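As a plain string of letters, each chain reads:
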Amino acid sequence: MELGALETRCRELLRDLGLAEANELIEVVPLSGGVASDIARVKVAQQTYCVKFALPKLKVAADWHVPVHRSQAECAWFRFAASILPSCVPHVFGQSELGFVMEYFSPDDTVVWKESLLNKAPEIQHAQSVAVAIGQIHRESTRSDHCRRTFRNHDDFLAIRIEPYLTFTASKHPSFSRHLSGIGSRLFRSSAALVHGDVSPKNILFRHNRPILLDAECASMGDPAFDVAFCLNHLLLKSIHLPKFRSELLLAALEFWFAYSKFIDWEPRGELEARVAELLPALLLARVDGKSPVEYLSSSNRKLVRSMAVSLLSDAPSSLPELLEVVRQR
């Protein structure tokens with residue numbers, strides 16, 4: 001979006017929410033880092049906000065259209081998560097059909113987890129703290145009638161996650177079409193817990209070693225295994241990209257699972273673990289052949305990930321330690 005148009009939208013939203021006067025001087029700086037939204041840092045008087053507008057078409061090469069009302073689910077997820085872990089999510093100042101305004105986090109006292117993972121060996125406690133936060137939110141959501149009423153967003157989850165990651169990838173790999181479609185169907189039918197849907201290191205900040213979870217646009221009641229697999233997938237991909245840190249990244253993945261699994265009380269742990277192990281190779285394949293391919297892998301590493309994913313889809317271990325050992329040996 002052109003800066004002038006973005007500034008106009010920010011001004012209109014802040015005015016509608018009572019956060020700025022009609023002619024009050026504001027400073028708008030576009031922020032990068034996402035493909036699904038236009039985001040800006042906005043200063044009004046002594047206050048700094050983060051303003052976000054969902055896009056109807058994502059900024060990727062594939063033709064990927066998604067519903068803009070997903071902002072409502074994102075704000076609702078932030079508010080539910082804040083009722084459990086207020087320090088782990090941004091405060092929402094207000095929302096409208098145009099977009100929403102939330103707390104701004106300065107890069108001076110935060111670090112994006114993705115940037116940290118790409119530049120040094122992972123801190124195991126970071127993976128554990130993210131897992132604990134997700135585990136607590138999942139557990140509490142399984143006990144919440146509010147979540148079951150509010151987050152009936154299965155069609156949105158289908159459009160934003162199942163179709164671009166599984167259905168589209170299945171079209172590129174006909175031999176696995178039935179398998180990937182079956183995983184997608186099970187994800188669509190599930191309403192076990194409140195799923196964030198994008199637990200990616202690019203959407204997680206750390207401040208004073210505490211995680212802050214962002215970008216909950218995909219929030220829906222669903223299968224909690226998706227959030228676990230989605231985050232672990234990024235650690236696995238980075239272990240391929242950064243072989244010198246492979247052991248540490250795979251250990252971080254294992255410790256993530258151990259920390260998260262302590263919160264599972266709504267179903268047998270082994271059943272959820274088996275679904276995570278089944279999802280992981282599907283997501284690995286999706287990040288090289290789906291609508292949102294990971295950008296940092298070299299051509300040779302994309303081939304390696306594809307080969308490994310295909311092998312694991314053909315014969316997936318039922319436990320995560322076994323799966324991680326397969327990755328370690330590649």
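The preceding data block contains the structure.
K.L.:
Would you mind showing me how to read the layout of surface pockets here?
P.N.:
Leftover empty space is mapped by rolling, across the atoms, a probe with the size of a water molecule. By volume, the largest pocket is sized at about 660 Å³. In terms of lining residues, the largest pocket is bounded by 21 residues, among which Leu31, Ser32, Val112, Leu205 and Leu214 are the most central. Breaking the lining of the largest pocket down by element, the ones donating at least two residues are β5 (100-103), β6 (111-112) and α3 (113-119). For the lining of the largest pocket, a count of residues per class yields eleven nonpolar, five polar and five charged.

K.L.:
Would you explain the environment of Pro90 in this entry?
P.N.:
In this fold, Pro90 is placed in the loop between α2 (70-84) and β4 (92-95). Given a relative accessible area of 2%, Pro90 falls into the buried group. For the pair Pro90 and Glu115, spaced 25 residues apart in sequence, the C-alpha separation works out to 20 Å. Not counting the four nearest positions on each side in its chain, Pro90 is found in contact with Phe78, Met102, Glu103, Phe105, Ile212, Leu213 and Leu214.

K.L.:
Is there a simple way to think about the packing of helix α9 (residues 246-261) against helix α12 (residues 320-329) in this case?
P.N.:
When two helices pack together, you describe them by how their axes are tilted relative to each other and by the distance separating the axes. Running from N to C, α9 and α12 point in directions that differ by 170 degrees, and their axes come no closer than 10 Å. It follows from the interaxial angle that α9 and α12 lie roughly antiparallel. Where α9 abuts α12, its residues Arg246, Leu250, Ala253, Leu254 and Trp257 lie against Leu320, Pro321, Leu324, Val327 and Arg328. Looking at the contact of α9 with α12 residue by residue, the classes come out as eight nonpolar, no polar and two charged.

K.L.:
Teacher, can you tell me more about the packing of aromatic side chains here?
P.N.:
Given two aromatic rings, one states the distance between the centres and the angle between the planes to describe the pair. For the structure on display, the rule yields eight aromatic pairs. Note on Tyr49 and Phe93: the rings are 5.0 Å apart at their centroids and 80 degrees apart in plane angle, and the pair reads as edge-to-face. Taken together, the positions of Tyr49 in strand β3 (residues 47-54) and Phe93 in strand β4 put the pair 44 residues apart, joining distant regions of the chain. Residue class for Phe93 comes out partly exposed when judged on its relative accessible area of 34%. Lying over the aromatic face of Phe53, Arg9 brings its terminal NZ or CZ to 4.2 Å of the ring centre.

K.L.:
What is the right way to look at the pairing of β5 in this model?
P.N.:
Along a regular strand, successive side chains alternate from one face of the sheet to the other. Sheet topology places β3 next to β5; four bridges connect them, and they run antiparallel. Paired with Cys50 across the bridge in β5 is Met102. Bridging between β4 and β5 involves three bridges; their strand directions are antiparallel. Bridge pairing in β5 places Gln95 opposite Phe100. Hairpin connection from β4 to β5: four residues lie between these consecutive antiparallel strands.

What counts, and where the lines are drawn
Residues numbered from 1 in each chain as written. Predicted model: local features only at pLDDT ≥ 70, side-chain atom pairs only at ≥ 80, totals over all residues. Heavy atoms only, no water. 1 Å grid on protein atoms, 1.4 Å probe; cavity = no way out; pocket = protein on both sides within 12 Å on 5 of 7 lines; lining within 4 Å. Points joined across faces, edges and corners; volume = space filled by probe spheres on them. Helix = DSSP H or I, 4+ residues; strand = E, 2+ residues; numbered from the N terminus. Nonpolar A, V, L, I, M, F, W, Y, C, P; charged D, E, K, R; others polar. Buried < 20%, exposed > 50% of the residue type's maximum accessible area, 1.4 Å probe, protein only. Contact = heavy atoms within 4.5 Å. Axes fitted to C-alpha atoms, helices over the stretch in contact; angles between N-to-C directions. Parallel < 35°, antiparallel > 145°, perpendicular 65-115°, else oblique. Phe/Tyr/Trp six-rings, centres within 6.5 Å; stacked < 30°, edge-to-face > 60°. Lys NZ or Arg CZ within 6 Å of the ring centre and 35° of its normal. Pairing = 2+ DSSP bridges.

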